[in-house]
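So the chains spell out like this:
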Amino acid sequence: MKYLDNSYRKFASLMGTVLVLFVSVLIAFGLLYSYSTINTYNFILLFLILLTIVITLFYFISSIAIMYVYRRKKAGKPILYIARIGLKMLFPLVVVLTGLFRGNKDTIKKFYIDFNNLLVDTMGKKYRPDEIMILLPHCLQYSECQYKITNDIGNCKRCGKCCIGFIADISVEKEVAAYVVTGGTAARNIVSKKRPQIIVSVACERDLTSGIADVGSIPVIGIINDRPNGPCYNTNVDVDALRNKLENIIKE
């Protein structure tokens, strides 16, 4: 009950702060309206026009950079930088617009994941096995399996009813640590604890896009899982694709 009271106080404090901020803005606008002249309005209008021009140019240049990199599969560092920043800025807006027009958000998220993978590939960096992390969702495990693998993927008995055993074998062969997590919070915790230099992650479009954003500066190679039985239940992944991704980034 005490925890709930603390949460309530924090929520109420935050809401009060937001309310004070809005009231302050309204008062400022009221004072501005009372003492403004036509020159003030002209200045505000000019500022808004210039701001709109800057934002429009940014989105236009970012869009061109993204399309250029995606089609060429390579580019110089300045263009890659613009494309990376532009993607982070454009993606939320595109997702919102897709939802408003009732489009398929997963299609947009898949492009985001593919483009993110392309940006990681263009870095051309190689890593030691101990610098790499394989991150897997729990839904890859056979739903009726009795063995707990979220603590240790090595507990898998390789029965062949799901792909976990094959990935566990790759983990041992390549000497790359693999972790099975139950959700986004568990994934963030293990990444924060282990601090890998790069992550090869398997998940659905939603979890991959949010995960890529959550880890910040750590590069993530995303592999979308197959969901023949629907989301979060007996999912699958192309094990060969996972192996190829690892081989492309491991130092010889």
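Residues numbered from 1 in each chain as written. Predicted model: local features only at pLDDT ≥ 70, side-chain atom pairs only at ≥ 80, totals over all residues. Heavy atoms only, no water.

## Digging into the packing of aromatic side chains
So, step 1. This structure, assessed with the given rule, holds five aromatic pairs.
So, step 2. Every member of this aromatic cluster is reached through a ring pair, and the members are Y70, F111 and F115.
So, step 3. A cation over an aromatic ring shows up here: K73 above the ring of Y70, its NZ or CZ 4.1 Å from the ring centre. (Phe/Tyr/Trp six-rings, centres within 6.5 Å; stacked < 30°, edge-to-face > 60°. Lys NZ or Arg CZ within 6 Å of the ring centre and 35° of its normal.)

## Comments concerning the sheet that holds strand β3 (residues 198-203)
Neighbouring strands of a sheet are bound in pairs by backbone hydrogen bonds; such pairs are parallel or else antiparallel.
So, step 1. In spatial order, the strands read β2-β1-β3-β4; together these four strands make up an open sheet with parallel pairing. Unpaired on one side and paired on the other, β2 (177-181) and β4 (220-224) mark the two borders of the sheet. Sheet twist, expressed as the average angle between the axes of neighbouring strands with direction ignored, equals 20°.
So, step 2. Sheet topology note: the strand β1 (residues 132-137)/β3 ladder contains four bridges and is parallel. Following the sheet pairing, I132 is matched in β3 by I198.
So, step 3. The sheet strands contacting helix α6 (residues 184-194) are β1, β2 and β3, and the helix crosses β1 at an angle near 165°. (Pairing = 2+ DSSP bridges. Helix = DSSP H or I, 4+ residues; strand = E, 2+ residues; numbered from the N terminus. Axes fitted to C-alpha atoms, helices over the stretch in contact; angles between N-to-C directions. Contact = heavy atoms within 4.5 Å.)

## Let's talk about the side chain of T98
So, step 1. Mapped onto the elements of the fold, T98 is located in helix α3 (residues 77-100).
So, step 2. A relative accessible area of 12% means that T98 is categorised as buried.
So, step 3. Apart from residues lying up to four places away in sequence, T98 is in contact with G103, N104, K105 and I108. (Buried < 20%, exposed > 50% of the residue type's maximum accessible area, 1.4 Å probe, protein only.)

## What to know about the packing of helix α2 (residues 38-72) against α3
So, step 1. Axis separation between α2 and α3 bottoms out at 8 Å; the angle between their running directions is 115°. Relative to α3, the element α2 lies roughly perpendicular. Once α2 is placed against α3, the crossing between them reads as left-handed. Only I79, L80, I82, A83, I85, G86, L87, M89, L90 and L93 of α3 make contact with α2, whose side of the interface consists of F58, Y59, I61, S62, S63, A65, I66, Y68 and V69.
So, step 2. Residue composition of the contact of α2 with α3, by class: 16 nonpolar, three polar and no charged. (Parallel < 35°, antiparallel > 145°, perpendicular 65-115°, else oblique. Left-handed = near helix turned anticlockwise from the far one by under 90°. Nonpolar A, V, L, I, M, F, W, Y, C, P; charged D, E, K, R; others polar.)

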